[in-house]
Each structure stands twice: as C-alpha cells, then as structure tokens.
Amino acid sequence: MILFLVSFLAGALTIVSPCILPVAPFVFSQAGQPLFRGVLPMLFGMVASFAGVATLSAVGGGWAVEANGAGRGIAIALMALFGWTLLSPRAAAVLSRPLVAAGERLSGRAGVAGSLLLGVATGLLWTPCAGPILGLVLTGAALHGASLQTTLLLAAYAAGAATSLTLALFAGGRLLAAMKRSLGIGERLRQGLGIAVLAGVGVIALGLDTGLLARLSYAGTSGVEQSLIDRFAPIASSAAPSAAPSAVAGASLAPEASGTGLVLADARRVYRSSLPVEGVLPSLDGATDWLNSKPLTKEQLHGKVVLIDFWTYSCINCIRTLPYLRAWAEKYRDQGLVVIGVHAPEFAFEKRIGNVQKALRDFAITYPVAVDNDFRIWRAFGNSYWPAFYIADATGRIRHHQFGEGEYGQTERVLQDLLAEAAGGQTAGEQAGEGGLVGPAGQGVEAPAALDEIRSGETYVGYRQAANFASPERDGIDRPQDYTVGALRLNRWGLSGNWTVGDEQARLNRAGGAIVYRFRARDLHLILGPAQDGRPVRFQVTIDGMAPGSDHGTDTDAEGCGTVSETRLHQLVRQAGAVRERTFEVRFLDPGVDAYAFTFG
C-alpha cells in the first residue's frame, strides 16, 4: 500500500515538472467542459493509455517501444488537427467532412467519446515524462514479469498526475471564465489555445519534450522522488533486488528505451548528463574524401559518443591539440568514443590529398579524417574556427563545443560524462574516468604554447590578409618587385630581395632574398613551401644578426641552417632561455620558396 502511495505522490509531482508543459495545452483545452462529460473522460483516457503503454514497455521489450513510437505519431497528428480546429474553425471547414468531424470531436464537441479520445492521445504523448520511481516500477516488471500490481502501480502514478492536473484545470477554468466575462475575448482565447496546442505539437514532434524538457524535469523533481524511494527503500527493494544491476546491464533495451523516456534500469544506477543540448549532429556526407576510414554516416555513429575536430594541417593551434586527440581516441575507443577529424583547408596547398595523407603520417593520426575541401561540413556545423571541437552524445545530439586551444581537462570530463550516460550507469562513468585525465607531453611543434610570453600574433604574408608590412615598396602586387627593409618596431615585418606577392603567399624570384620580423614569443613558426618544380630550397636563420645556437627550432640547427622540401609549418625559433623581444631573419639560398604565414607559441 505504501508503494502505491509513493507512486501516487510521484505522479502528483509532475505538475511542477517542465516536462508536463507539452501536454498542458491539451488538458487546459477542457477548461469549462462539464465534469462528467469532458474533464473526467479526458483524464481517464490519459491515465489508461499511460498505464497501458508503460505496462507494454515492461513486458514487450523492443516491439513495445516501436508500438509507443507509432502511438506518438498518431497522437501528434490528432493533436495537430485538434489545434488547427481551435485556431481557425473557418479554415477547418475547408477540410473534408470526416476530418472536420474528427476535429470537432477532439475539440470537445462530441461529449464523452471526444474527451476520452483526447485523453488517450494526451497519455501517449505524456508517457516519456517519468522519474526514478517509474524507473523502479518498470525495473521490477522487467525482472519479475508484468503483473496486475505493475499496472496498478503505473495507474497510481498516472492518477497522481491526473489529480494535480484536475486541480490546476478547475483553477484555470475559473480564470478563463472570469476573463471571458470581463473582457469578452472568448474567440481570441480559443485561437490562443489553438496556437499553444500547435506549439506543443511542434515541441513533441521535434523531440524536445524528451530532450530539454525531460532533462529539466529530471533536475527539478527527481530529488524529491529519490528521497521518497530512499525513505521506503525496504519496500522498494522487493521490486529491484540486489541481482538487478547485472540483469539490467545485460539487457539490450537500455539505449532504445532512453530514446523514448521508458527507462528500464535500476533507478539508483541510471545516469543522465546535465550537459545542455546545443543542436543535432549534422551529416558528414559533404566530405570529398575519407582517410583512415570508410565514409562514416550518422546512422553508423548512433550509439557512439563522437568528437568532431575541425582542423587544418599547417595550423599551429590545431597541431598543438593533436596529442590530446590521439590520447582520447586511444583511451576511450573501447568505451564507445569515435574521434573524427574534419580537415578544412585554409590554403590551396592544403586541398591536395597527398599533402594531407603525409601530414597524417607525420602526426601519427590513425583516427578517421573527413577531407572537407568544399567546406560543406564546415557550413553544416556553422563553424568559424580552427581548431573547433564539437562533442555529440550517443543519440546524435551536440552537447558541448570548444573553440581554440586549451580547456583539455574540461573537454575530457565532458567525454567521460557522455560515455557514462551512453552506458546508462555510474559504473560505466567510473570506468571512463579510470586513470584520471590524460596528460600527453607534446614534443617539438606539438608542445604547448608559452601563452604568458606571447606578444606577437598570426601574420599573413600574402596581400589578401597581410598586416604590419614595413617595406616601403607597396606596388608589387602579383608581379616581381624588389623590396627592402630597414629597422623594425615590434610586430612589424618586411621583405628584402625580388619577390612576387600573391593573395595567399609571396614567392622568391631570385636567390638571396629574405624575410625579417621583429617579434616577442618563445616560438616562431613560418609556413613555407618549396619551388614549384619540387626542388628543395635551402635557408639560414639568424636572431639579432647571429646564429640561433640553443634558440633554434625543430626545423633548423644551431647554425640556423635548414631546408624547405615540403609545404608545411616550419618551427624556426624556440628560445631556450628568457623570452624577450628579438629580430628574426630567414635568408633563402635558392629561389622559388613560397612563404605563407607566421605563427607564434
């Protein structure tokens, strides 16, 4: 008896739960109807359909979930028709006579039958709004088989909700009557109610009732429900014995059930992430090529936690994230994480598939990479940054994003949280977090930036985005031009020698040309490419007019010597001691080099 009382009280709590909002317009549409012909039949139909569908879910497994989905579809269609007849009776008259008759019956003009049908449809829509107590009841049914007690407990839960809705309905009815008498806006109230019903249909059809609203509901009322369970734990334990975790863990229904809100799991072990829903994972069909994998679709990724990384292989900010991406892909692969790189090129040379393939080998990237040369995936996400992380849960909803470097600990905790949610229990979350957070030690160009020391920013050499150019010669656009450079202030740069400045890069026409930059940062990088015919280009770096010595980068030696043999980012300076303002110069001993952009770290 006490368990019935607990179920009834838990149902009554749903009146203060946001997940009741999508069905509230349908209930309040009965305000002003006779008690025995309008209100009670509607509430009875709601209770009966809820208890019936929930009972089927306990005994029928996957086919019951499908049946409930079909019922929701039919109910949504009926509610849409109902809302339309409320909104515009004149427009409804255009419909065929059978449809008009159905709308009239649903809008309360056909007495008991119409109200009962409205209640049945409302119950089908409301079924996913369930908390821990309902999960406990369904667990007992799943473990021990359905019984009359199961159905009665579910009916008690629904009756509690119906009772609180009835009280609200009568209060709402009196309010509506007063407004009609004082303002004479009955027709506008009817139209407003129709708009509310159609809005509710839209919310339900889009799945927001079991997504955002259901999550708000869980946060708002589950604490009270859980306290009721804890208070009567000895009684509840008869429905969920200690053997329940292993039995439920082996069931294949948990992922499907979570999609409809019918949670067949121990209420103490079910885990839902509190992360917000930011959108739906877009299609990846726009990729021009796939590397390290066959093309992946949203359907193939269902049931997996997915991390999408927008990057391009010459971007220093992207490169410095790679140690973490590789570590996460390795650590969480067997627990359901899929890392996908989306390579969206910034420069034309990054569109060449051979260049991207070599970059994957150089950076030891083994997870799938979608080549997005046409920026179709980029536009589908509405992205604007390199790098950018988007993390989707096992149902394909985006739950977190990170633009730019950093926040690796937070990102990994998001991964652990969503992996725990996908596994459906706290045990899975603990397994996901085993060993704490990764701490990869990036080497060379992948090492973390010395952010506190950086006073210089990304600088493009091509005229399309060039800034702070200090050479006095300004008219050499897309044609050979002799340049000179003198003394420079901080963050100013210039060319010397004969160059052709294009929109993306500057090309050296004769050997002996140089680029000079006054900078302050620990690391200086420059994206360089060899001559057009593929011949390597030799160069020598100086810092403040001297060989760099211990301040040389990974692509130079202590004398500052190096060679450009492929188009990529080259690290030319890494200051070993105190970081201070320096003058950098790179002089090319062969013609034909392409220079694209400076970056710092």
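Residues numbered from 1 in each chain as written. Predicted model: local features only at pLDDT ≥ 70, side-chain atom pairs only at ≥ 80, totals over all residues. Heavy atoms only, no water.

Comments concerning unusual backbone geometry
- Residue Pro387 is reached from Trp386 by a cis peptide bond, and omega for that bond is -15°.
- Relative to the helices and strands, Pro387 is located in the loop between helix 19 (376-381) and strand 6 (388-392).
- Despite not being glycine, Asn292 has its phi angle at roughly 70°, a positive value.
- With respect to the helices and strands, Asn292 occurs in the loop between strand 2 (289-291) and helix 15 (298-301).
- In this model, Glu407 sits at a positive phi of 55°, which is unusual for a non-glycine residue.
- By the secondary structure assignment, Glu407 is in the loop between strand 7 (397-403) and helix 20 (408-423).
- A residue is classified by how much of its surface remains accessible, and Glu407, at 48% relative accessible area, is partly exposed. (Helix = DSSP H or I, 4+ residues; strand = E, 2+ residues; numbered from the N terminus. Buried < 20%, exposed > 50% of the residue type's maximum accessible area, 1.4 Å probe, protein only.)

Quick look at the packing of helix 17 (residues 322-332) against helix 20
- The geometry of helix 17 relative to helix 20 is characterised by a closest axis approach of 12 Å and an angle of 20° between their N-to-C directions. Comparing their axes, helix 20 and helix 17 come out roughly parallel. Crossing angle aside, the handedness with which helix 17 passes helix 20 is right-handed. Packed against helix 17, whose contacting residues are Tyr324, Trp328, Lys331 and Tyr332, the element helix 20 presents Tyr408, Thr411, Glu412, Leu415, Gln416 and Leu419 at the interface.
- Across the contact of helix 17 with helix 20, the residue classes tally to six nonpolar, two polar and two charged. (Axes fitted to C-alpha atoms, helices over the stretch in contact; angles between N-to-C directions. Parallel < 35°, antiparallel > 145°, perpendicular 65-115°, else oblique. Left-handed = near helix turned anticlockwise from the far one by under 90°. Contact = heavy atoms within 4.5 Å. Nonpolar A, V, L, I, M, F, W, Y, C, P; charged D, E, K, R; others polar.)

Some remarks on the nonpolar core
- Counting residues in hydrophobic clusters, the biggest one holds 43 residues, and the most contacted among them are Leu307, Leu325, Trp328, Leu337, Ile365 and Tyr367.
- It is helix 17 that contributes the most residues to this core, seven residues altogether.
- Residues Tyr483, Leu495, Ala521 and Leu526 belong to the second largest nonpolar core, which totals 30 residues. (Core = buried A, V, L, I, M, F, W, Y, C linked by side-chain atoms within 4.5 Å.)

Observations concerning the pairing of strand 12 (residues 514-519)
- Among the six residues in strand 12, six count as buried, and that is most of the element.
- Neither face of strand 12 is left uncovered, since the one carrying Ala514, Val516 and Arg518 and the one carrying Ile515, Tyr517 and Phe519 both have all their residues buried.
- Where strand 10 (residues 493-501) lies against strand 12, four bridges are found, and the strand directions are antiparallel. Paired with Trp493 across the two strands is Tyr517, which belongs to strand 12.
- Bridge count for strand 12 against strand 17 (residues 582-588) is six bridges, and the pairing is antiparallel. Across the sheet, Arg518 pairs through a bridge with Thr583, a residue of strand 17. (Pairing = 2+ DSSP bridges.)

Structural notes on the confidence of the model for the protein
- Chain-level pLDDT for the protein is 75 on average; 56% of the residues reach the 70-or-more range.
- Scored below 50 in pLDDT, residues 128-136 makes 35 contacts in the model with residues more than four places away or belonging to other chains.
- Below a pLDDT of 50 lies the segment residues 138-146, which in the model reaches 28 contacts outside its immediate sequence neighbourhood of four places, other chains included. (pLDDT = per-residue confidence, 0-100.)

Description of the environment of Ala466
- Counting through the fold element by element, Ala466 comes out in the loop between strand 8 (459-460) and strand 9 (480-483).
- On the basis of relative accessibility, which here comes to 35%, the residue Ala466 falls in the partly exposed class.
- Expressed as a C-alpha distance, the spacing of Ala466 and Gln505, which sit 39 residues apart in the sequence, is 9.6 Å.
- Ignoring anything within four residues of it in the chain, the contact list for Ala466 reads Tyr460, Val461 and Trp493.

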